[in-house]
Amino acid sequence: MILSVQGVRKVFGSHRVLDGLDLSVDEHQVVALIGASGSGKSTLLRCVNLLEDIDDGMIWLDGEHITDPRVNPDKVRQRIGIVFQSYNLFPHMTVLENITLAPVRVHRRSAKEAADAAREWLTRVGLAEKADAYPDRLSGGQQQRVAIVRALINSPRLLLLDEVTSALDPELVGEVLSMIRDLKGEGMTMVLATHEMGFARQVADTVCFLDGGKVLEQGPPEQVFGDPSEPRTRQFLSRIIEAGRL
Amino acid sequence: MSLSPAQLDRIAYRRRQTVISVLIAAASTLVVGVLLAVGLTGAPGWDRVRESFFDLSVARDALPDVAAGLWLNVRLLVFCALGALALGLLIALLRTLRGPVFFPVRALATGYTYTFRGLPLIIVLYVLTLGVPGLRLEGMPSVLVLGGIALVITYAGYLAEVFRAGIESVHPSQLAAARSLGLTYRQTMRHVVLPQAVRRVAPPLLNDTVALQKDVGLVSLAGPIDAVRAAQISTAETFNYTPYIVAGVLFVLLAMPLIAVTDWVTLRAARRQS
């Protein structure tokens with residue numbers, strides 16, 4: 001097991017976003033988190049990456065208790081990649097500089113070695129000619145693919161994807177999803193929060209429906225989408241179908 | 001490609017409008033200029049004012065001394081601007097430090113910006129240039145250096161707040177992205193936050209530098225002869241105010257390149273954000 005989330009609670013003001021949530025992720029597994037806006041999908045990912053402090057419970061990564069306050073969060077984050085909904089590329093750096101920042105500054109690789117690795121990745125995802133461009137010259141889909149490469153170049157044990165296609169124009173969603181599909185083929189362990197139900201169905205090994213700060217229902221996509229056992233899940237999915245998103 | 005009659009009509013109409021607005025602008029400029037000239041030269045005391053403020057021969061005699069004084073302003077400006085920028089940045093960074101260990105540092109930095117933004121520059125100048133030498137310590141720097149220090153510590157208070165505004169304007173998602181890659185707080189500041197912050201506040205920083213350019217002359221209160229003081233000395237010799245006008249013109253000429261750079265940087269920043 002790579003990731004184990006045990007009874008995690010996160011409170012914002014009086015609102016319990018996560019209320020004793022449990023989740024485990026095995027190596028090479030792809031877990032999709034679905035649920036209404038505000039159901040805690042993003043918060044959960046931010047907690048796993050230690051960008052948010054949790055209010056109770058424990059999170060384990062590779063058998064290490066990472067929510068122990070004595071653990072250095074920088075060391076933990078070096079082993080986890082996260083990609084955000086709004087890409088969050090650094091606007092003052094070129095694509096290549098964005099990608100090589102962490103390899104050079106954090107992982108102490110030489111600039112040459114990091115640049116070579118970055119160019120190889122960019123070639124693979126069809127962005128080789130954008131290496132020296134600034135992010136504002138790229139389309140949303142291209143920026144998001146760069147953000148994914150920026151996370152992957154550090155060879156993380158676990159990749160967290162936080163609604164990575166939600167800010168994209170419909171015709172740009174495909175290029176990002178196909179990149180994630182390729183990553184699954186290579187055995188990358190991923191947890192993705194998504195509104196793309198069709199994609200979750202295709203790519204996920206396990207689908208988790210978050211409701212009331214907990215995982216209300218989880219199982220293989222055929223079961224969760226095809227024959228959900230919880231009324232809340234059925235209600236959520238019927239709204240999605242109404243909106244034409246499934 | 002041939003254009004439709006509608007487009008040809010639009011182009012012709014816009015061209016006529018352009019010609020009309022250029023003519024209106026020229027006419028109104030002419031009217032305002034004539035009114036100003038008539039109002040000024042027609043004033044009852046104009047001849048006496050012209051003699052005592054715009055005497056060419058007095059200007060010629062005063063120019064070398066005033067220019068020599070201006071050279072002092074320029075040198076002081078360069079050192080004070082660099083010093084104030086460095087100190088201001090340092091204080092801004094100290095104010096952003098988190099954690100209980102840094103409480104005293106943070107409190108000192110905050111106190112600094114409150115004190116030196118509130119304290120009139122002239123009082124800081126007097127304390128440093130007249131008070132501090134009174135301590136009769138070994139190796140006391142010259143009054144000029146002490147005056148420069150007064151300018152640096154006063155302006156650093158303002159610049160620190162400009163830098164801090166820049167640092168706080170960088171969106172939290174940029175910090176999250178940097179930290180998520182494993183960068184430490186210091187690495188995040190240095191490689192992600194500061195480069196964006198400094199770029200964003202470059203126009204107000206340069207603006208404060210233009211203001212500093214005029215205030216460096218205040219060291220003359222403690223003795224050193226800058227352009228304004230040189231003009232004052234010439235005026236006392238000739239009972240003619242023309243040297244002040246000479247100094248004023250030189251200051252404007254000196255400020256022009258800096259102001260032009262400020263405008264250019266502002267424009268570029270505005271373009272990058274669009």
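One structure accompanies this document, and this report is about it. (Residues numbered from 1 in each chain as written. Chains lettered and ligands numbered in written order. Predicted model: local features only at pLDDT ≥ 70, side-chain atom pairs only at ≥ 80, totals over all residues. Heavy atoms only, no water.)

Regarding its fold elements, chain B presents 10 helices and 0 strands. Start at the N end of chain B and walk to the C end: the helices and strands fall as α-α-α-α-α-α-α-α-α-α. In summary, chain B has a C-alpha radius of gyration of 26 Å against a globular reference of 19 Å for 274 residues, an excess of more than 25%. Taking the principal axes of the C-alpha coordinates as reference, chain B spans close to 75 × 70 × 25 Å. Carbon and sulfur atoms make up 70% of the accessible area of chain B, which amounts to about 16300 Å² in all. Positive and negative side-chain charges of chain B, numbering 24 and 14 respectively, have mean locations separated by a distance of 18 Å. (Helix = DSSP H or I, 4+ residues; strand = E, 2+ residues; numbered from the N terminus. Rg over C-alpha atoms; globule rule 2.2 N^0.38 Å. Areas by Shrake-Rupley, 256 points an atom, 1.4 Å probe, with all protein chains shown as cover. Lys, Arg positive; Asp, Glu negative; His and termini not counted. Charge placed at Lys NZ, Arg CZ, Asp CG, Glu CD.)

Attention now goes to the packing of aromatic side chains. Residues and elements named next belong to chain B. Enumeration according to the criterion identifies 6 aromatic pairs over all chains in this entry. Relative to Y241, the ring of F53 has its centre 5.2 Å away and its plane inclined at 20°; by these criteria the two rings are stacked. Of the two residues, F53 sits in helix α2 (residues 46-53) while Y241 sits in the loop between α9 (227-238) and α10 (242-273), which places them 188 residues apart along the sequence. For F53, a relative accessible area of 29% translates into the label partly exposed. (Phe/Tyr/Trp six-rings, centres within 6.5 Å; stacked < 30°, edge-to-face > 60°. Buried < 20%, exposed > 50% of the residue type's maximum accessible area, 1.4 Å probe, protein only.)

Assignment of secondary structure puts V261 of chain B in helix α10. A sequence separation of 175 residues divides V261 of chain B from A86 of chain B, and the C-alpha atoms of the two residues are 20 Å apart.

Turning next to the interface of chain A and chain B. Contacts between the two partners involve 24 residues from chain A, matched on the other side by 19 residues from chain B. The junction of chain A with chain B conceals about 1800 Å² of combined surface from both sides, 57% of it contributed by carbon and sulfur atoms. Applying the counting rule to chain A against chain B returns 1 salt bridge. Salt-bridge contacts for R179 of chain B lead to D74 of chain A; the nearest nitrogen and oxygen are separated by 3.1 Å. Where chain A touches chain B, the interface holds 6 residue pairs in polar contact (both at pLDDT 80 or more). For the side of chain A that touches chain B, the secondary-structure elements that each account for two or more residues are α2 (73-77), β6 (80-83) and α3 (95-105) of chain A. Broken down by element, the residue count for the side of chain A that touches chain B peaks at 3 residues, all from α3 of chain A. Partitioned by chemical class, the residues of the side of chain A that touches chain B number 12 nonpolar, 5 polar and 7 charged. (Contact = heavy atoms within 4.5 Å. Buried area = accessible area lost by both parts, 1.4 Å probe. Salt bridge = Lys/Arg side-chain N within 4 Å of Asp/Glu carboxyl O. Polar contact = N/O pair within 3.5 Å; in protein donor to acceptor, adjacent residues only side chain to side chain. Nonpolar A, V, L, I, M, F, W, Y, C, P; charged D, E, K, R; others polar.)

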